[in-house]
Amino acid sequence: MIISVIWLLIALLLPSFSTPENKTQISLIQNKIPPKGEAYLEKIDNFSLQEFDAKAQLSHIVKAKSYFNFKNSPALLIEPKVVFYDERGFKDYVLNSKRAYYTDSGEIKFKGEVGMQSSNGLNHKINTEELLVGIKTSDLISKKPVTYLGENIKIISQGTHMHAKDDTMKLIGRTKISQDSGQQILTKDLYISQYKGQKHYYSNNKTTYLANKNTIYASGVDMDRQKQVIQLLGKVKIVQDSGSKITTKNLTIDQSNGLEVYRTKEKIHYQSNIADIHAFGMNYDVIEQKIRLTGGVVGRYE
């Protein structure tokens, strides 16, 4: 009993007599920064590490505000920044986050929101529970739910695999695209290519486009974010709030300059409570709620 009381007093008084370094250790433990709350063996402020490839060319630089080394846990990086270089020695892309860990295989595992800046000037933000950065392959992989933040767009998927060197990404599994203008696109296994500045999103899986007064079903999607044009591929079915239906193929959605216009030159079959119309083209201004059918229009009205 006496021994227990002595240990209790020591535990209570220890913080008062801790050195600044010990206080840092205690703070880290309380905030659970180390995975198991263990004290660090080594701390390096303004950490920097250069690595070179087989040709003795600079491959990447790892920097951090602080580096903590632990006995039984991966090393911790606070405010890490990883800079990758191309074969010419120029900056290729830069990754940064609030926290990351070195894995046993030498890769870096980012936690939380990860910012990425490409040499072409494009910026990405990826928010996930963990993002594994392959130092040798330059691939970014996550098997956890991912939120990708682009320009005027947010995408949620079940994982990601990004080839950073050629700026292409696959968002894995069920994928939901939310536009700032309110439209949503539901699809699966979405590819994003921003190679040489393009903003190309595409999927060959079943796709649902949700707009204010229309729900559109298609066999795939191809988006050009630069031109603000969406292609809904294959067989397309538009279901309006009124109950009217339009079936066609390969529908173009023009969202440039604040528009929302559906266009196609394919066969059209329009059905409502009072009309059954066939045509060979359509221009549908969703904002004005005007549909123009073209090319040999044949209709029956009740």
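Everything below is about the structure printed above this text.
Residues numbered from 1 in each chain as written. Predicted model: local features only at pLDDT ≥ 70, side-chain atom pairs only at ≥ 80, totals over all residues. Heavy atoms only, no water.

Chemist: Please clarify how the overall build of the protein should be interpreted in this entry.
Modeler: Regarding its fold elements, the protein presents 2 helices and 26 strands. Here the protein holds 302 residues, and the buried ones make up 40% of them. (Helix = DSSP H or I, 4+ residues; strand = E, 2+ residues; numbered from the N terminus. Buried < 20%, exposed > 50% of the residue type's maximum accessible area, 1.4 Å probe, protein only.)

Chemist: Which parts of the structure should I look at to understand the packing of aromatic side chains?
Modeler: Any aromatic ring pair is given by two values, namely how distant the centres are and how the planes are angled relative to each other. All told, the structure shown has 5 aromatic pairs when counted by the stated rule. On the basis of an interplanar angle of 15° and a centroid distance of 5.5 Å, the ring pair of Y191 and Y202 is categorised as stacked. Taken together, the residues span a long stretch of sequence, with Y191 in strand β14 (residues 184–193) and Y202 in strand β15 (residues 200–203) at a distance of 11 residues. (Phe/Tyr/Trp six-rings, centres within 6.5 Å; stacked < 30°, edge-to-face > 60°.)

Chemist: Just checking my understanding: could you explain the environment of N283 for this structure?
Modeler: Structurally, the position occupied by N283 is in strand β24 (residues 282–285). For N283, a relative accessible area of 22% gives the class partly exposed. For the pair N283 and R263, spaced 20 residues apart in sequence, the C-alpha separation works out to 4.8 Å. Excluding anything up to four places from it in sequence, N283 contacts V261, Y262, R263, K290, I291 and R292. Polar contacts involving the side chain of N283 include one to the side chain of R263, which spans 3.1 Å. (Contact = heavy atoms within 4.5 Å. Polar contact = N/O pair within 3.5 Å; in protein donor to acceptor, adjacent residues only side chain to side chain.)

Chemist: What is the right way to read the environment of N46 from this model?
Modeler: Along the chain, the position of N46 falls in strand β1 (residues 42–52). Of the residues examined, N46 reaches a relative accessible area of 67% and is grouped as exposed. Considering only alpha carbons, one finds N46 and K63, 17 residues apart in sequence, at a separation of 7.2 Å.

Chemist: What's the story with the pairing of strand β10 (residues 146–150) in this structure? I'm lost.
Modeler: On a regular strand, one side chain projects to one face of the sheet and the next to the other, so that they alternate. Judged from the 4 bridges that link them, strand β8 (residues 123–133) and β10 form a sheet pairing that is antiparallel. Bridging from a neighbouring strand, N127 pairs with T147 of β10. Relative to strand β11 (residues 153–157), β10 runs antiparallel, the two sharing 5 bridges. In the sheet register, G150 faces β11, and the bridge partner there is I153. Connecting β10 to the antiparallel partner β11 that follows it, the hairpin turn spans 2 residues, and N152 within it adopts a positive phi of roughly 60°. (Pairing = 2+ DSSP bridges.)

Chemist: Which parts of the structure should I look at to understand the pattern of salt bridges?
Modeler: Oppositely charged side chains are able to pair whenever their charged atoms sit close together. Tallied over the full model, the rule gives 5 salt bridges. Residue D86 pairs with R88 through a salt bridge whose shortest N-O separation is 3.2 Å. E130 is the partner of K111 in a salt bridge, and the nearest nitrogen-oxygen pair spans 3.3 Å. Here E130 lies in strand β8 and K111 lies in strand β7 (residues 108–118), a separation of 19 residues in the sequence. (Salt bridge = Lys/Arg side-chain N within 4 Å of Asp/Glu carboxyl O.)

Chemist: Looking at this model, I keep getting lost on the pairing of strand β17 (residues 214–218). Mind explaining?
Modeler: Where burial is concerned, the two faces of β17 differ: the one with N214, I216 and A218 is buried and the one with T215 and Y217 is not. Pairing of strand β16 (residues 207–210) with β17 involves 4 bridges; the strand directions are antiparallel. Its bridge partner lying in β17, T208 is registered against Y217. The turn joining β16 and β17, which pair antiparallel and follow one another in sequence, is formed by 3 residues. Pairing analysis gives 4 bridges linking β17 to strand β19 (residues 229–240), with the strands arranged antiparallel. In the sheet register, Y217 faces β19, and the bridge partner there is K237.

Chemist: What is the right way to read the side chain of K199 from this model?
Modeler: Note on placement: K199 falls in the loop between β14 and β15. Note on K199: relative accessible area 18%, which makes it buried. Setting aside residues no more than four positions away along its own chain, K199 makes contact with L122, E151, S193, Q194, M223, D224, R225 and Q226.

Chemist: Before we go on, may I ask you to explain the nonpolar core in this structure?
Modeler: The nonpolar side chains of soluble globular proteins are, as a tendency, buried together. If you look at the biggest cluster of nonpolar residues, it comprises 55 residues, and the most contacted ones within it are L95, L232 and Y262. Excluding its chain neighbours within four sequence positions, the residues that come into contact with L95 are P80, K81, V82, F84, F110, V114, G115, M116, V133 and L140. F68, F70, L76 and I78 belong to the second largest nonpolar core, which has 6 residues in total. (Core = buried A, V, L, I, M, F, W, Y, C linked by side-chain atoms within 4.5 Å.)

Chemist: What exactly am I supposed to notice about unusual backbone geometry here?
Modeler: Excluding glycine, residues mostly have negative phi values, and the peptide bonds linking residues are mostly trans. Residue N46 is not a glycine yet carries a positive backbone phi of 55°. At E79, a position not held by glycine, the phi torsion is positive, near 50°. Within the element layout of this structure, E79 appears in the loop between β3 (76–78) and β4 (81–85).

Chemist: I would appreciate a short explanation of the environment of D167 in the present structure.
Modeler: Among the secondary structure elements, D167 is positioned in the loop between β12 (159–163) and β13 (168–179). Classification of D167 by relative accessible area gives buried; the value is 6%. Note: C-alpha distance between D167 and I192 (25 residues apart in sequence) is 8.3 Å. For D167, the contacting residues outside a window of four places in its chain are M116, S118, N120, H124, M162, I192, S193, Q194 and Y195.

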